[in-house]
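# Fold and geometry: a report
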Amino acid sequence: MKAQPIKTDNKSISNKIFIRKEAIKNLTEVKVLDLFAGRNVLWNNIPTDKYFGIDIVENKGKNLNVDTRKAFDNLDLSQFNVIDCDSYGIAFDLYKKLFKRKDLNSGTIIIYTAITNEFTKLQNVAKKEFGLEKFYNKAPSLFNAKAIEFFYDFLSLNGIEKITFYAIRDKFDKHYGYFTIK
Ligand SMILES: C[S@@+](CC[C@H](N)C(=O)[O-])C[C@H]1O[C@@H](n2cnc3c(N)ncnc32)[C@H](O)[C@@H]1O
């Protein structure tokens, strides 16, 4: 997999907006499904042709107020060409489902947030994917700290050959990036 890091030391929100503008710069139409939409801060700053946000917290932004994980199987992904997954942690469970979806159009851009440190728990989906179930509890911090590496391996195993991202290291390892569905 080719990784193209963008180095920058701006604050997170401006960096997150920057990477989204980069991700969509060649699209003629921008139709966004925002899976963790929050207060819509990021996409309020970027022109779109269509925008649909989801957030579990009521009245946070202009969103469908449901648990994305419960709604995901019923979303029509073919209506969108940008899927934003600005989740807390790393949503291995949703990416796993995403790669299996028949209604995901080729050329769709997936924008991700991947955040980890030694104390953030690796999702069970990832443990299973990498055969870590038996070993994880022996040294969880070791595996947690490597969650972003597991994430990129996971993308690679699912045929993603190129990602673009920038990384920030504070108390957490934070990667903000995007890739395109073939
Ligand atoms: C990093 S914030 C996203 C901020 C957003 N991009 C914005 O522009 O304001 C993550 C969001 O995910 C929401 N969230 C957490 N778990 C969720 C779930 N299971 N389903 C839907 N939203 C969820 C939180 O309420 C929070 O607003």
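## Quick word on the environment of serine 14
- The topology assignment puts serine 14 in helix 1 (residues 12-24).
- It is 31 Å that separates the C-alpha atoms of serine 14 and leucine 157, two residues lying 143 residues apart in sequence.

## A few points about the site of the ligand
- In the region of the ligand, 17 residues are neighbours, and Phe36, Gly38, Val41, Ile56 and Thr68 sit closest.
- Across the shell around the ligand, the residue classes tally to eight nonpolar, three polar and six charged.

## Details of the nonpolar core
- Grouped together as the largest cluster of nonpolar side chains are 37 residues, with contacts concentrated most on Cys85, Ile110, Ile111 and Tyr178.
- At the level of elements, helix 1, strand 2 (31-34), strand 4 (82-85), helix 3 (92-100), strand 5 (109-116), helix 6 (147-157), strand 6 (162-169) and strand 7 (173-180) are the ones that each hand at least two residues to this core.
- Once you skip the residues sitting within four places of it in the chain, cysteine 85 turns out to touch Leu35, Phe36, Ala91, Leu94, Ile110, Ile111, Tyr112 and Thr113.

Rules used throughout
Residues numbered from 1 in each chain as written. Predicted model: local features only at pLDDT ≥ 70, side-chain atom pairs only at ≥ 80, totals over all residues. Helix = DSSP H or I, 4+ residues; strand = E, 2+ residues; numbered from the N terminus. Near = placed C-beta within 6 Å. Nonpolar A, V, L, I, M, F, W, Y, C, P; charged D, E, K, R; others polar. Core = buried A, V, L, I, M, F, W, Y, C linked by C-beta atoms within 7 Å. Buried ≥ 20, exposed ≤ 12 C-beta atoms within 10 Å, placed from the backbone. Contact = placed C-beta atoms within 7 Å.

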